[in-house]
Amino acid sequence: MRLLLLLFCFGLSTLSLQAEDGYRLWLRYDPIQNTALGSAYRAQLGQLSIGPDVDTTQATLAASLLELRNGLRGLLGVELTPARISVGTSGAAGGLRWKRVGEDEVAREGYRLRQRDGQLELAASSNVGFLYGTFHLLRLLQTEADLKGLDLLETPAKELRILNHWDNLDGTVERGYAGFSIFNWHTLPDVLDPRYTDYARACASVGINGSVVTNVNANSLIFREDYLEKAAALADVFRPYGVRLYLTARFSAPVELGGLETADPLDPAVIAWWAEKTREIYEHIPDFGGFVVKANSEGQPGPREYGRSHAEGANVLADALAPYGGIVMWRAFVYNSDPEADRAAQAYEEFVPLDGKFRDNVMVQVKNGPIDFQPREPFSPLFGATPETPLLLELQITKEYLGQGTHLVGLAPLFSEVLQADTRQNGPGTTVASTVSGLAGVSNVGTARNWTGHPFGQADWYAFGRLAWDPALGPERIYDEWAAMTYRPESKVRSTITEMLITSREICVNYMTPLGLHHLMATGHHYGPGPWVSDLSRPEWNPAYYHRADSAGIGFDRTVTGSNAVAQYAPEVRAKFADPETCPPEYLLWFHHLPWDFQMDNGNTLWEELCYRYQAGVDGTEWLAIKWAALEGEIDPERHAEVSQYLTIQQREAEWWKNACLAYFQTFAQRPFPDGVTPPPHDVDHYRSLDYPYAPGIRPQW
Ligand code: BDP
């Protein structure tokens, strides 16, 4: 009897572990519980007719069919047996029909899903359009949408929708909080881990069509023949899913790998080396996408070492790629350590004068804000400022500065805030989204069984893809989809999770860097607060360089009385940001150094407002925990318990941030904490003395 009981328990626990470990992401395809809807779907989707020009032996179409079959089997118990599929005819009335149309009707990569003559018709002009349309249809079922009267036409707003992996060849991931790299350079090309396919499926399901598999802090070895064979094996797995492979190029590769004496981009031998290397890459990967380059930035080699400009550097790679249709994504993330310079102004100063000097196949990749992926930054003034140079918007999906692997923080509001920001560079309505040719997202994927470590990290991968496809999508809609698919489509579950994700970004801003503060994190690992740090060799690596707190006040003066970086914005935007009375409070201390008693619109002094915001951040994490607790029993216990544990860490760390920052800033403000704000239990020396040898990404040392 005891044995039976044991077996029973064991059976149950393995079953549930297998069921809900997060591996399946938002593509779970569990049976639809709503019986009425389930039968309506079954009535509609029990048959498939495949039009004459749709050859399902082609890899992308075969992948689409496989996905459809798996999806329908899981969600509806419908088995699309050969008898239920008719090929080359318009098929019987009812059912689903795949129809090839011209690009005049449906754009490349796009698709149309509509009810027509009693059939649900999926029309596309490209193979990948059928794949994207299939994922959309499955999403409709997973989110329990009504298929009646369905009529939608989808076209991706941006051609380039790319993940950037900061994955190193040794398997570590820079700023990765979900384990090691999923790309196993040791066992490739022989071992094709099914994860590679599932990764490509997940990307395709949200329209991501490119993957840069190596770190921007690049290693030239990736261009050696044996590595290229490995990369080619990955590209082969990705190809059916419409995901192109890209690599990062180390500017000094001609020296390190090619044995040349220089990497000067104007040297004929260097030009020839890049041309030959690129030819070799295309031999292995015929649809290779191109290079991402981090040059003359944080110690990376670049053209400036040879007195050449970024354009001269980018163009030599662009010329090598041009015959094959490849592109260069040249990063604008450059800054030097001139103590007089404002780091926020440097990318603009460097790149605007180069507008018009890049080859057509160069895109400049610009981080969303002028500094570095902070919890909140104003949009980079480069957006819209280079009419002749296409730009890519770079977002960070991995949460280096927003709680890393342990905080629940939904990034869609951050992504959307920058996409919708009106640069005014070309009159009103020149949003960042309208100025860019594509989006690059620094991936948060790793070997963690659930891919992203924190279970809610998946939502950011999902949101990035959805917004790259359609920047106008509202974050609520995106999270509602994600919650319904990843957890349950029941209304309390999806609305609670959506509300948590939407609200969490502002909560995080409040407990870390409210009112436009930025770069307050600890050094190196960037885990936790370090506002007191002021002794690093490079001035712009010190938090004190950014907050500039003193007895008179706090904040970085970027107006005409300070660095005047605000002048880089279009006149209307500049005017708004430059005046503390009109500057939105969320950017106040980004642009202004203000007295502690500065009067906020709501009647609080700046010091009081700062304290209240930190407190609101901490209170917000308690609210998150309460919201989540109310879902107990509504979702599977495994993931419920896991998220609860992370929320406990988040509450503790939010308090740590608030206490450390307020204890520190009070040493300058010399004012009491207002009512309603819990004073820090320790003085600043205590917070300063803490160290975290186990923080992600560092080697613990005595
Ligand atoms: C910073 C990261 C660093 C990256 C750098 C970059 O701390 O690890 O290499 O961005 O984007 O935020 O190149």
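Conventions used here
- Every residue gets a number counted from 1 within its own chain, in the order that chain's sequence is written.
- pLDDT decides what is reported in this predicted model: residues at 70 or higher carry local features, side-chain atom pairs at 80 or more are listed and counted, and totals for whole chains, interfaces and linings draw on all residues regardless.
- Water and hydrogen atoms play no part in the side-chain values, which are based on all heavy atoms of the structure.
- Accessible area is worked out with a 1.4 Å probe on protein chains only. A residue is then buried under 20% of its type maximum, exposed over 50%, and partly exposed in between.
- Counting from the N terminus, the helices are DSSP H or I runs at least four residues long and the strands are E runs at least two residues long.
- Clockwise travel from the first strand over the helix to the second, with the strands pointing away from the viewer, marks a crossover as right-handed.
- Each pair of strands is called paired provided DSSP finds at least two bridges between the two strands.
- We call a set of buried Ala, Val, Leu, Ile, Met, Phe, Trp, Tyr and Cys residues a nonpolar core when their side-chain atoms join them within 4.5 Å.
- Whether two residues are in contact is decided by their heavy atoms, any of which lying within 4.5 Å being enough.
- Grid points spaced at 1 Å over the protein atoms alone were grouped into cavities, where a 1.4 Å probe fits but cannot get out, and pockets, open sets with protein on both sides within 12 Å along at least five of seven lines, with lining residues defined by an atom within 4 Å of a point.
- Grid points are joined across faces, edges and corners, and a volume is the space filled by probe spheres set on the points.
- Domain start and stop points were drawn from an automatic or database domain assignment.

With respect to burial, strand E11 (residues 327-331) is a largely interior element, five of its five residues being buried. In this region the chain leaves strand E10 (residues 290-293), passes through helix H9 (residues 310-321) and returns to the parallel neighbour E11; the handedness of that crossover is right-handed. Inspection of the sheet shows E11 paired to strand E12 (residues 362-367) by four bridges, in the parallel sense. Following the sheet pairing, Arg331 is matched in E12 by Gln365. Once you follow E11 into helix H10 (residues 343-351) and on to E12, the crossover reads as right-handed.

Turning our eyes to something else, we now look at the pairing of strand E14 (residues 436-442). Within E14, six of the seven residues are buried, which leaves it mostly tucked inside the rest of the structure. Note that strand E13 (residues 391-396) and E14 share six bridges and pair parallel. Bridge pairing links Leu395 to Gly441 in E14.

Residues apart from glycine generally show negative phi values, whereas peptide bonds are mostly found in trans. Put simply, Leu188 and Pro189 share a cis peptide bond, and its omega is 0°. Within the element layout of this structure, Pro189 appears in the loop between strand E7 (160-164) and helix H5 (194-205). Of note, Leu515 is a non-glycine position whose phi angle comes to about 60°, a positive value. Position of Leu515 relative to the elements: it lies in the loop between helix H15 (491-512) and helix H16 (543-547). Judged by its relative accessible area of 2%, Leu515 falls in the buried class.

What follows is about the side chain of Thr398. As for its position among the elements, Thr398 is in the loop between E13 and helix H11 (412-420). With relative accessibility at 2%, the residue Thr398 sits in the buried group.

Turning next to the nonpolar core. Ranked by internal contacts, the top residues of the largest apolar core, which has 221 residues, are Trp274, Trp461 and Phe665. Among the elements that make up this core, the one with the highest residue count is helix H20 (residues 637-669) (twelve residues). In this structure Trp461 touches Leu25, Trp26, Leu163, Tyr199, Ala202, Cys203, Ile208, Ile397, Asn444, Val445, Trp451 and Thr452, once residues within four positions along its chain are discounted.

Bringing the layout of surface pockets into the picture now. Here the largest pocket is characterised by a volume of approximately 930 Å³. Glu174, Arg175, Gly524, His525 and Gly697 are the residues nearest the centre of the largest pocket, which is lined by 37 residues in total. Here the lining of the largest pocket spans two domains, and each of domain 2 (160-473) and domain 3 (511-556 + 593-689) adds at least three residues to it. By volume, the second largest pocket is sized at about 530 Å³. Around the second largest pocket, the lining is made up of 22 residues, and of these Arg108, Glu109, Glu159, Asn209 and Arg244 lie nearest the centre. Of all elements in the fold, only helix H4 (127-142) and strand E9 (244-248) reach the threshold of two or more residues within the lining of the second largest pocket.

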